[in-house]
Amino acid sequence: GKPWGDAEKAEWFTSRSKKRAYKDEVLTKIDELKDRFDVERYGALPLDKERYPLYAVKTRNWDSGKPHVLITGGVHGYETSGVQGA
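Residues numbered from 1 in each chain as written. Predicted model: local features only at pLDDT ≥ 70, side-chain atom pairs only at ≥ 80, totals over all residues. Heavy atoms only, no water.

Caption draft 1: Local environment of the overall build of the protein chain. A tally of helices and strands in the protein chain yields two helices and two strands. Here the analysis covers contacts within the protein chain between residues at least 6 apart in sequence; of these, 36% occur between residues at least 24 apart. Total accessible area computed for the protein chain in this model is approximately 7,500 Å², and 52% of it derives from carbon and sulfur atoms. (Helix = DSSP H or I, 4+ residues; strand = E, 2+ residues; numbered from the N terminus. Contact = heavy atoms within 4.5 Å. Areas by Shrake-Rupley, 256 points an atom, 1.4 Å probe, with all protein chains shown as cover.)

And the structure:
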């Protein structure tokens, strides 16, 4: 295969219909956790840094000495399932 250029990417984006909203599917749910967990913004997706912020959600009284796990979710390639699998 050949890597897509800007024209191919733009054509692909305009041919897609919106399936879900990051704000509704992710950000509002993270916001609901703020009263029980520590929520820290650590970055953003380069596609649109204001629209797609990334957060870490940790238990209060975090102890780095204890075992921990990272759970992530997102879209890879042309998948349309969203982050619900995580």
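Caption draft 2: The arrangement of the packing of aromatic side chains in detail. In the structure shown here, the tally under the stated rule is two aromatic pairs. For the ring pair Trp 12 and Phe 13, a centre distance of 5.3 Å and an interplane angle of 75 degrees mean the geometry is edge-to-face. Taking the centre distance of 5.2 Å and the plane angle of 70 degrees together, the rings of Tyr 22 and Tyr 52 count as edge-to-face. You can see Tyr 22 sitting in helix 2 (residues 22-31) and its partner Tyr 52 sitting in the loop between strand 1 (37-44) and strand 2 (53-59), a full 30 residues away along the chain. (Phe/Tyr/Trp six-rings, centres within 6.5 Å; stacked < 30°, edge-to-face > 60°.)

Caption draft 3: Examining the pattern of salt bridges more closely. Considering all chains together, one arrives at four salt bridges under this definition. With its nearest N and O atoms 3.0 Å apart, the salt bridge here joins Asp 38 to Arg 60. With Asp 38 in strand 1 and Arg 60 in the segment after strand 2, this pair connects stretches of sequence that are 22 residues apart. When the shortest N-O distance is used, the salt bridge between Lys 58 and Glu 40 registers 3.6 Å. One end of the pair, Lys 58, is in strand 2; the other, Glu 40, is in strand 1, with 18 residues separating them in the sequence. The partly exposed category is assigned to Glu 40, whose relative accessible area is 39%. (Salt bridge = Lys/Arg side-chain N within 4 Å of Asp/Glu carboxyl O. Buried < 20%, exposed > 50% of the residue type's maximum accessible area, 1.4 Å probe, protein only.)

Caption draft 4: Summary view of helix 2. All of the buried residues in helix 2 are Tyr 22, Val 26 and Ile 30. Buried residues of helix 2 fall within an arc of 45 degrees about the axis and therefore sit on the same side. (Arc of directions from axis to C-beta.)

Caption draft 5: Local environment of a nonpolar patch on the surface. Side chains of Phe 13, Leu 45 and Leu 47 sit close together on the surface and give an oily, nonpolar patch of about 300 Å² of accessible area. With respect to the helices, strands and loops of the structure, Leu 47 is situated in the loop between strand 1 and strand 2. A residue is classified by how much of its surface remains accessible, and Leu 47, at 58% relative accessible area, is exposed. (Patch = residues over 30% accessible without salt bridge, like charges linked within 9 Å, V, L, I, M, F, W, Y side chains within 5 Å.)

Taken by themselves, the reported measurements are silent on function.
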